[in-house]
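# Structural overview
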Amino acid sequence: MHVPQALTASPRLLSRTVAAPSWVISGNVHDNCAFLSGKVHEVGLCLFEAEACLAYTDADLPPAMTGLPLSWHAHLPVDLAWGHGPHGAPGASAARVCALLMDRVAFLGARRAVLHPPTPEQAHAAGFAGPSGPARLLGVFLDAWARHGRDPADLLLENIAGQDLVDLIPAIADGNCNVCLDMGHVLTYGQHRLPASAALLARVRMAHVHAPGGMDRHRPLTELTPHEAAWAAGVLPALPPDAVLTVEVFAWDGVLASLPVLDRLLAAGAPEDRSVAGMPEVPEPPG
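A brief report on the enclosed structure follows. (Residues numbered from 1 in each chain as written. Predicted model: local features only at pLDDT ≥ 70, side-chain atom pairs only at ≥ 80, totals over all residues. Heavy atoms only, no water.)

## Examining the overall build of the protein chain
A count of helices and strands for the protein chain gives 12 helices and 10 strands. Here the C-alpha radius of gyration of the protein chain, 18 Å, is about what a compact globule of 287 residues would show, namely 19 Å. For the protein chain, the C-alpha atoms occupy an extent of roughly 55 × 45 × 30 Å along the three principal directions. In the protein chain, of all internal contacts separated by at least 6 residues, the share reaching a separation of at least 24 is 73%. For the protein chain, the computed accessible surface area is about 11,600 Å², with 56% contributed by carbon and sulfur atoms. In the protein chain, 17 side chains carry a positive charge and 28 a negative one; their mean positions are 3 Å apart. (Helix = DSSP H or I, 4+ residues; strand = E, 2+ residues; numbered from the N terminus. Rg over C-alpha atoms; globule rule 2.2 N^0.38 Å. Contact = heavy atoms within 4.5 Å. Areas by Shrake-Rupley, 256 points an atom, 1.4 Å probe, with all protein chains shown as cover. Lys, Arg positive; Asp, Glu negative; His and termini not counted. Charge placed at Lys NZ, Arg CZ, Asp CG, Glu CD.)

Here it is in structure tokens:
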């Protein structure tokens, strides 16, 4: 594996897959990926806006990107329409948009994709009312995703505001999809049911690591409070060792500053290393 230069001072990260988003400097997707080349293992392609990303051309995603020493995953749109849309019925239309975007980045070998699953409010608006609404709507999405030739195991559901994934456990298991644990969202929204769920933790294939900044603002790990750092030091080392660690900070200086902190958080997971890392014992999470 290529040794990224930004990780050489963080030995524990060299044995992991460390990713950064394709939005850390001014410029388009290609500019960012060329900048990140040689600095991290993997890039998360920020396909945040459905229509804008469907309109990407070779100027944004040139064929030459295949020559970069990077692996890839996609972050699917955060503005997905979960109801009826131009591509079909509720759930199926969203899956069609996502499949088209994955087709667009297939030349890079990108298969894994992070998805913001439907919240109860979105499910209700799409006609899937009641406590089981989000799970039923997600089931429609997963069926359509599979019909488009996509493997549900490559779909990583992220915990977001209003959706901590716990009530989706049966749908996640039945659909055989996986999880992207966003630690900043756990801390911002008090989603401590998620890391307490063995069923969800076993399906974590990626973690978004950043300090909470209120709402969806993502801060460098240097801004973690001592309590937040202690919590992260208890959770991150317990994740599956093949889980991708995405430093989801949208500025390169913040990503770079976060790397040694992430290295120390992983070290602090081993009791014998706590004094070396300078991290406190992990308290019980609040509430």
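So much for the structure itself; the text now carries on.
## Some points on the environment of Phe 35
Mapping Phe 35 onto the fold places it in helix H2 (residues 29-36). In this structure, the C-alpha to C-alpha distance between Phe 35 and Ala 146, residues 111 residues apart in sequence, is 34 Å. Excluding residues that lie within four positions of it along the chain, Phe 35 makes contacts with Val 24, Ile 25 and Trp 252.

## Overview of helix H6 (residues 133-147)
Under the 1.5 Å per step criterion, the end-to-end length of H6 is 21 Å for 15 residues, consistent within 8% with the ideal 21 Å. Along its buried surface, H6 packs onto helix H4 (92-104), strand S4 (113-115), helix H5 (120-125), strand S5 (155-158) and helix H7 (169-175). (Expected span 1.5 Å × (residues − 1).)

## Notes on unusual backbone geometry
Positioned with a positive phi, Leu 165 is a non-glycine residue whose angle comes to about 80°. Here Leu 165 is to be found in the loop between S5 and H7. Taking relative accessible area as the criterion, Leu 165 reaches 0% and is therefore assigned buried. Unlike most non-glycine residues, Asn 176 shows phi in positive territory, near 60°. Here Asn 176 is to be found in the loop between H7 and strand S6 (178-182). (Buried < 20%, exposed > 50% of the residue type's maximum accessible area, 1.4 Å probe, protein only.)

## Comments concerning the nonpolar core
Core analysis: the biggest nonpolar cluster contains 86 residues, and Trp 72, Leu 115, Phe 141, Leu 155 and Leu 236 have the highest contact counts within it. Those residues within four positions of Leu 115 in sequence are excluded, and the remaining contacts are Leu 76, Leu 80, Trp 82, Cys 98, Leu 138, Phe 141, Leu 155, Leu 156, Leu 157 and Glu 158. Of all hydrophobic cores here, the second largest spans six residues; its members include Ala 19, Val 114, Leu 156 and Met 206. (Core = buried A, V, L, I, M, F, W, Y, C linked by side-chain atoms within 4.5 Å.)

Everything listed here is a matter of geometry and, on its own, says nothing about what the molecule does.
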